[in-house]
Amino acid sequence: MKRPSAHDTEVAIRPARRPLFGDVNLGDRLAQSGGALIAGIVVVILAALVLQMIQASTPAFSKFGLGFLFSSKWDPVKDDYGALPFLYGTVVSSIGALIIAVPVAFGVAIFLSELAPSWLRGPVGFTIELLAAIPSVVYGLWGIFVLKPFMAEYVGPVLKSTLGWLPLFQGPYDGLGMLTGALILSIMILPTIASISRDVLRAAPPTLREGALALGATRWEAIRYAVLPNVRSGLVGAVLLGLGRALGETMAITMVIGNKVDISASLFEKSSTMASQIANQYSEASDMQLAALTEIALVLFAVTLLFNVGARILVWRTGRMPGGGRSA
Amino acid sequence: MSMMMAQSKSESQPIPVTPPRAAVAPGIKMEAKGLKAWFGKSQALKGIDLPLAENQVTAIIGPSGCGKSTFVRCLNRMHEVVPGAHATGTVTLDGADIYGAGTDPVLVRRRVGMVFQKPNPFPTMSIRENVLAGLRLNGRRPADAAALVETSLRQVALWDEVKDRLDRAGTSLSGGQQQRLCIARALALEPEVLLMDEPCSALDPIATARIEELIHEIGQRYTIVIVTHNMQQAARVSHYTAFFYMGELIEHAPTDRMFTQPSNPKTEDYITGRFG
C-alpha cells in the first residue's frame, strides 16, 4: 500500500501561515503566577509572625538581656522573669520522651518494613499513623483520667522500690509531673518517628538486603549489617522530627506535667515546659509578663526550627544515597 | 572467538559454538523436580524438572519474563524473600530437598551462593570488609583473614587491581570491579553452587569478557548456574544450556548440541533470533 505523502495532504493540514504571536499558554502562566502568590503568602506570614514576636518581646529582652535564658525567677509581682525552668522542663520532658519512644518506634518500623507479612503491613501502619491524628487535648484528658491514677498507683511505687535510690525518683508522686509528661509525649511522637523510620527503611535499596540474605544472613543480620548502616542518617532525622514535635507539644503536656515553676532532678516532681507556661499564663498576662512569655515563644520557635531543619537535611541525604533505592 | 560478537535479531544461522570443555558425564549436584513458583496469584514457573551437573556451568536462556531468574532464585530459596512469592515442588542439593520440612533457608544460602544482576557491594564496608562480609554474617572468624581476602580476590582476578586500597569503599570501584568483588564475596564462603543472575547485564563489553573468563576458570571447581539473555554468552561459557519459555523448560541439552541441532522448534526459533 502506498503511504500518503506529505505532499498529498499539505493543503489540508496547512490552511494558512500559523501565527508566531498570541497567547496559547495563558493558563500555564496564570497557574504559575497564582501558585507563586499563594506560596509567597506562606513566607510572608512566617516572616510577619517572627517580626511580631521579636517586637512584642523587645521590652523583656532589653530589661533582662541574655540573662533571661539563665534566670529561674518567675515573679509577676516584682516583674522579674527568667526562662530557665521552662527550658529545663522542655528539654528534660522531650529527651525523656525520646528515650521511651525511640526503641519502640524503631521496633515498629523494622517490623513493618522488614518482618511483617504483607497483609499486616497496611493495617498496622495505618493504625500507627492514626495515633498522630488524635487531638492533643484528648491525649491530655486520657493522661489525667487514665494515666495519672495508673502512674500514681502502680508505676510510681514500683520505681520507688526498685530505683528509689536514684535522684531521678525522689519525693512524693501523685501521678502528675515530669515522668507522666514525658510518657504522654512519647506516645504522641511515636507515630511520627515510627512512620518516618519505616519510610526510610523502605527507601533502602533492596539489593543490599538481598545481597546479605544471599550470603546466608538471617533476616535480623541482613537488617543489622546491610540495611541499618546505610540509613543511619535518615533514622536520626526521624528522631529529630519526633523531638521537634515533643518540644512544641502544648496541650497534653500542660494537662499532666503539674505546672510548677521549678527545677528538680526528680522526675516525680511537677514541672513546666516553655509551651505549657505560655498556654497557662498568656490570657492573664500583660506588659512585661506578656513580653517575657513572647520571648519564651521566640526561643521555643528557634529551637524547634533548628531541629526541624537538621532533621530534614538528614532525611534528604539518606534519600539520595549512592545506589539508593528511591529514584527521587 | 570474539568475545564481543554483536547480537543481532536478524541472524538466521544457528550461532557457531566452541564449547569451553567437552562435557564429561558428570554427577548431579542439584535437581529441580516439579518446581512451581508464584508471585501472588501469577504463576512464574509451571513445573520445572531440571538436573544441574556438578562442577559444570549450566546456562539458563529465554526471553524476558520466561521465569529464568525466578528459577535460579528458587535454587537458594531467595524467591520467597519477595513479599507474596512462594514456590512448591522439590529442589535437591546432594539429594536432600532444600524445600523439605525443617530446612533452614539461611543454611541453604550458605551452600548455594548468588551473584546478582546489579553489583551490590555493601556501601558502608571497605573492599576487605565486603569480601569478609559473608563470614561475619555467619558468625565465623577466619583463622587468617588477610589470606582469605587475598585468595578470594585472586580467584576473581581483582587482587592486583585493589591490593593497595583494600580499605577503600567497595562502591569506589568500577562496575565490573564491583561485580568481581561480589563474586569474591560469594566465593569467600566456599559455596558448592554459585548462582549468577545476569551477572554481566549491567557491565560494558570489556568487563563482561573478564567475568566470562572468570566463569571459565571457576567453573571447573564450582557448580555454576548462570542466567543470561545473551545467547553468545551462554554458548561461550556453559557446558549445558536450558531454554525456558513462558515458565516452562522447553529444552535442556549440552550447549554445543543445543546451539547446533536444537530438538525443539521453539528453541530453534529463539536461538536463531526469530523471537525474544
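Higher on the page you've got the structure.
Below or above, wherever it landed, is the structure these notes cover. Being a predicted model, the structure only gives us computed values, none of them experimental.

Further remarks concern the nonpolar core. Core analysis: the largest hydrophobic core is formed by 87 residues, its most contacted members being Phe71(B), Leu153(B) and Ile183(B). Per-element tally for this core: the top contributor is helix α3 (residues 127–137) of chain B, with six residues. In terms of nonpolar packing, the next biggest core, distinct from the first, is built from 49 residues, Ile184(A), Val239(A), Leu243(A) and Val256(A) among them.

Residues and elements named next belong to chain A. For the structure on display, the rule yields 10 aromatic pairs over all chains. Residues Tyr173 and Phe268 carry aromatic rings whose centres are separated by 4.4 Å and whose planes lie at 15° to one another, so their mutual orientation is stacked. With Tyr173 in the loop between α5 (136–163) and α6 (178–203) and Phe268 in the loop between α10 (251–256) and α11 (274–281), this residue pair connects regions lying 95 residues apart in the sequence. A residue is classified by how much of its surface remains accessible, and Tyr173, at 11% relative accessible area, is buried. By the ring-pair criterion, three or more aromatic residues cluster together here, those being Phe64, Phe68, Trp74, Tyr81 and Phe86. When the ring centre of Tyr225 is taken as reference, the NZ or CZ atom of Arg224 above it lies at 5.0 Å.

Quick look at the pattern of salt bridges now. For the structure on display, the rule yields 19 salt bridges over all chains. Between Glu114(A) and Arg209(A) there is a salt bridge; the shortest N-O distance is 2.7 Å. Taken as a pair, Glu114(A) in helix α3 (residues 84–115) and Arg209(A) in helix α7 (residues 206–214) lie far apart in primary sequence, 95 residues in all. The exposure class assigned to Glu114(A) is buried, which follows from its relative accessible area of 9%. Residue classification places Arg209(A) among the buried residues on the basis of a relative accessible area of 19%. For Glu161(B), the salt bridge goes to Arg180(B), with nearest N and O atoms at 3.0 Å. Taken together, the positions of Glu161(B) in helix α5 (residues 159–162) and Arg180(B) in helix α6 (residues 175–187) put the pair 19 residues apart, joining distant regions of the chain. Ionic contacts of the salt-bridge type, sharing partners, join the residues Lys29(B), Asp94(B), Arg111(B) and Glu192(B) into one network.

Residue and element names in this part refer to chain B. Across the sheet, six strands lie side by side as β6-β7-β8-β3-β9-β10; this open sheet has mixed pairing. Strand pairing shows two members of the sheet lacking a second neighbour, β6 (112–115) and β10 (248–254), which therefore form its edges. On average, adjacent strands in this sheet sit at an angle of 20° to one another, irrespective of strand direction. Relative to β10, strand β9 (residues 240–245) runs antiparallel, the two sharing six bridges. The residue of β10 that forms the bridge with Ala242 is His252.

This part is about the sheet that holds strand β4 (residues 85–93) of chain B. Residues and elements named next belong to chain B. Within the open sheet, the four strands sit side by side as β2-β1-β4-β5. Their pairing is antiparallel. A single partner strand is all that each edge strand has here, and the edge strands are β2 (42–53) and β5 (96–97). Bridge count between β4 and β5: two bridges; the pairing is antiparallel. The partner of Thr92 across the bridge, within β5, is Asp97.

A few words now on the packing of α6(A) against helix α9 (residues 232–248) of chain A. Residues and elements named next belong to chain A. Look at α6 against α9: their axes get within 8 Å of each other, and the N-to-C directions meet at 155°. The angle between α6 and α9 falls in the class roughly antiparallel. Our pair here, α6 against α9, has a crossing hand that is right-handed. Residues Leu185, Met188, Ile189, Thr192, Ile193, Ile196, Ser197 and Val200 of α6 lie in contact with α9, whose contacting residues are Gly234, Leu235, Ala238, Val239, Leu241, Gly242, Arg245 and Ala246. Its residues placed into classes, the contact of α6 with α9 shows 11 nonpolar, four polar and one charged.

Before going further, it helps to examine the interface of chain B and chain A. Between chain B and chain A, the residue contacts involve 26 residues of the former and 17 residues of the latter. The interface formed by chain B and chain A holds one salt bridge in total. Notably, a salt bridge pairs Glu210(A) with Arg73(B), separated by 2.7 Å at the nearest N-O pair. Summed over the shared surface of chain B and chain A, the result is three residue pairs in polar contact (both at pLDDT 80 or more). Elements with a minimum of two residues in the side of chain B that touches chain A: α2 (105–111), β6, α3 and α6 of chain B. In terms of residues, the side of chain B that touches chain A owes the most to one element, α3(B), which gives four residues. Partitioned by chemical class, the residues of the side of chain B that touches chain A number 15 nonpolar, six polar and five charged.

Parameters at a glance
Residues numbered from 1 in each chain as written. Chains lettered and ligands numbered in written order. Predicted model: local features only at pLDDT ≥ 70, side-chain atom pairs only at ≥ 80, totals over all residues. Heavy atoms only, no water. Core = buried A, V, L, I, M, F, W, Y, C linked by side-chain atoms within 4.5 Å. Buried < 20%, exposed > 50% of the residue type's maximum accessible area, 1.4 Å probe, protein only. Helix = DSSP H or I, 4+ residues; strand = E, 2+ residues; numbered from the N terminus. Phe/Tyr/Trp six-rings, centres within 6.5 Å; stacked < 30°, edge-to-face > 60°. Lys NZ or Arg CZ within 6 Å of the ring centre and 35° of its normal. Salt bridge = Lys/Arg side-chain N within 4 Å of Asp/Glu carboxyl O. Pairing = 2+ DSSP bridges. Axes fitted to C-alpha atoms, helices over the stretch in contact; angles between N-to-C directions. Parallel < 35°, antiparallel > 145°, perpendicular 65-115°, else oblique. Left-handed = near helix turned anticlockwise from the far one by under 90°. Contact = heavy atoms within 4.5 Å. Nonpolar A, V, L, I, M, F, W, Y, C, P; charged D, E, K, R; others polar. Polar contact = N/O pair within 3.5 Å; in protein donor to acceptor, adjacent residues only side chain to side chain.

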